[in-house]
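Topology and contacts: notes
Here is what each chain is made of, one letter per residue.
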Amino acid sequence: MTQFLYLMRHGQTLFNQRHLIQGWCDSPLTKLGIYQAQVARDYFKQAGITFDAAFSSTQERATDTLEIVTEGALPYQRIKGLKEWNFGVFEGESEDLNPSIPYRDFFVPYGGESQTQVQERMDTTIRQLMDGSAGKHILMVSHGGALFNFARVHEHNWECQPQGHIGNCCIYVFRYQNQEFYLETVIDHDFSA
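These numbers were taken from a predicted model, which means no experiment stands behind them.

What to know about the sheet that holds strand β4 (residues 137-142)
Strand order across the open sheet formed by six strands is β3-β2-β4-β1-β5-β6, with mixed pairing between neighbours. Where the open sheet ends on each side, the last strands, each with one partner, are β3 (77-79) and β6 (180-187). Each adjacent strand pair in this sheet contributes to an overall mean axis angle of 25 degrees, direction not counted. Inspection of the sheet shows strand β2 (residues 53-57) paired to β3 by three bridges, in the parallel sense. Paired with S56 across the strands is R78, a residue of β3. Running over the sheet, helix α5 (residues 144-153) touches β1 (3-9), β4, β5 (171-177) and β6 and is turned about 145 degrees from β1.

Considerations on helix α3 (residues 60-69)
Most of α3 sits out of view: seven of its ten residues are buried. Among all positions in α3, only R61, A62, T63, T65, L66, I68 and V69 are buried. In this structure, the buried residues of α3 make contact with β1, α2 (31-47), β2, β3 and β4.

Here we look at the nonpolar core
Ranked by internal contacts, the top residues of the largest apolar core, which has 31 residues, are L5, I126, M140 and F174. Contributing elements (two or more residues each) for this core: β1, β2, α4 (115-131), β4, α5, β5 and β6. The element contributing the most residues to this core is α4, with five residues. With 21 residues, the next largest nonpolar core counts M8, A62, L66 and V141 among its residues.

A short note on the layout of surface pockets
Considered as a void within the structure, the largest pocket measures approximately 780 Å³ in volume. Forming the boundary of the largest pocket are 27 residues, of which I101, Y103, G144, G145 and H165 lie nearest the centre. Broken down by element, the lining of the largest pocket gets its largest block of residues, five residues, from α5. As a volume, the second largest pocket reaches approximately 160 Å³.

Some remarks on empty space enclosed by the protein
On inspection of all chains with the given rule, the structure shows one cavity of 30 Å³ or more. Here the largest cavity defines a volume of roughly 40 Å³. Around the largest cavity sit P162, Q163, G164, H165, I166, C170, Y172, V186 and D188, which together line it. Each residue belonging to the lining of the largest cavity can be placed in one class, and the counts come to five nonpolar, three polar and one charged.

Overview of the state of the cysteines
Evaluation of the coordinates by the stated rule reveals zero disulfides. Its sulfur unpaired, C160 is 9.7 Å from the next cysteine sulfur, which belongs to C170.

Quick word on the pattern of salt bridges
Overall, the coordinates contain nine salt bridges when judged by the stated rule. A salt bridge links E71 to K45; its shortest N-O distance comes to 3.1 Å. Of this pair, E71 sits in the loop between α3 and β3 while K45 sits in helix α2, and the two are 26 residues apart along the sequence. Across the pair R127 and D123 runs a salt bridge, and its minimum N-O distance is 3.2 Å. Taken together, the residues R127 and D123, both in helix α4 and four residues apart, mark about one turn of the helix. Take D123: its relative accessible area is 14%, and that puts it in the buried class.

Reading the values: the criteria
- Residues numbered from 1 in each chain as written.
- Predicted model: local features only at pLDDT ≥ 70, side-chain atom pairs only at ≥ 80, totals over all residues.
- Heavy atoms only, no water.
- Pairing = 2+ DSSP bridges.
- Helix = DSSP H or I, 4+ residues; strand = E, 2+ residues; numbered from the N terminus.
- Axes fitted to C-alpha atoms, helices over the stretch in contact; angles between N-to-C directions.
- Contact = heavy atoms within 4.5 Å.
- Buried < 20%, exposed > 50% of the residue type's maximum accessible area, 1.4 Å probe, protein only.
- Core = buried A, V, L, I, M, F, W, Y, C linked by side-chain atoms within 4.5 Å.
- 1 Å grid on protein atoms, 1.4 Å probe; cavity = no way out; pocket = protein on both sides within 12 Å on 5 of 7 lines; lining within 4 Å.
- Points joined across faces, edges and corners; volume = space filled by probe spheres on them.
- Nonpolar A, V, L, I, M, F, W, Y, C, P; charged D, E, K, R; others polar.
- Disulfide = S-S within 2.5 Å.
- Salt bridge = Lys/Arg side-chain N within 4 Å of Asp/Glu carboxyl O.

In structure tokens, the structure reads:
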């Protein structure tokens, strides 16, 4: 059976607003972050997409986003494997301290994860969740760095080209078919209203 994965980044947080490295640290959604999740919810409603299963990172910013998107009407599981990249002692510090992309192994000596570790964790976790879900439409709420690293694992199957930064509540839509993930589309919302 062909399944569809809607892999979504959480809404804006206080750390995002203050340009702080977040990683495994957490901060609450801002008013804008809540609004962004509501816009994503409305997108799914207008597109007629109903979810058969939902999963979230264990981090509050992701679970709060998922609960807004599903209006609390869909049970979901919190999954550690969907957490953001661990940036070690850089977490909570200014984003100005981030090295140039790609990060590769930069954070490992500081107690964080390598890019390969993030990619393997996300790919293993998402495959297990998709293979264990009988439904066709699956929602997962995760984080920008983790999301993009998962997408990079399957870059050879991209059917569209993502454009730059992964914004808050951006949705990557993957078709999961014959054990392969195909990136079909990227949904960036207009939050100007």
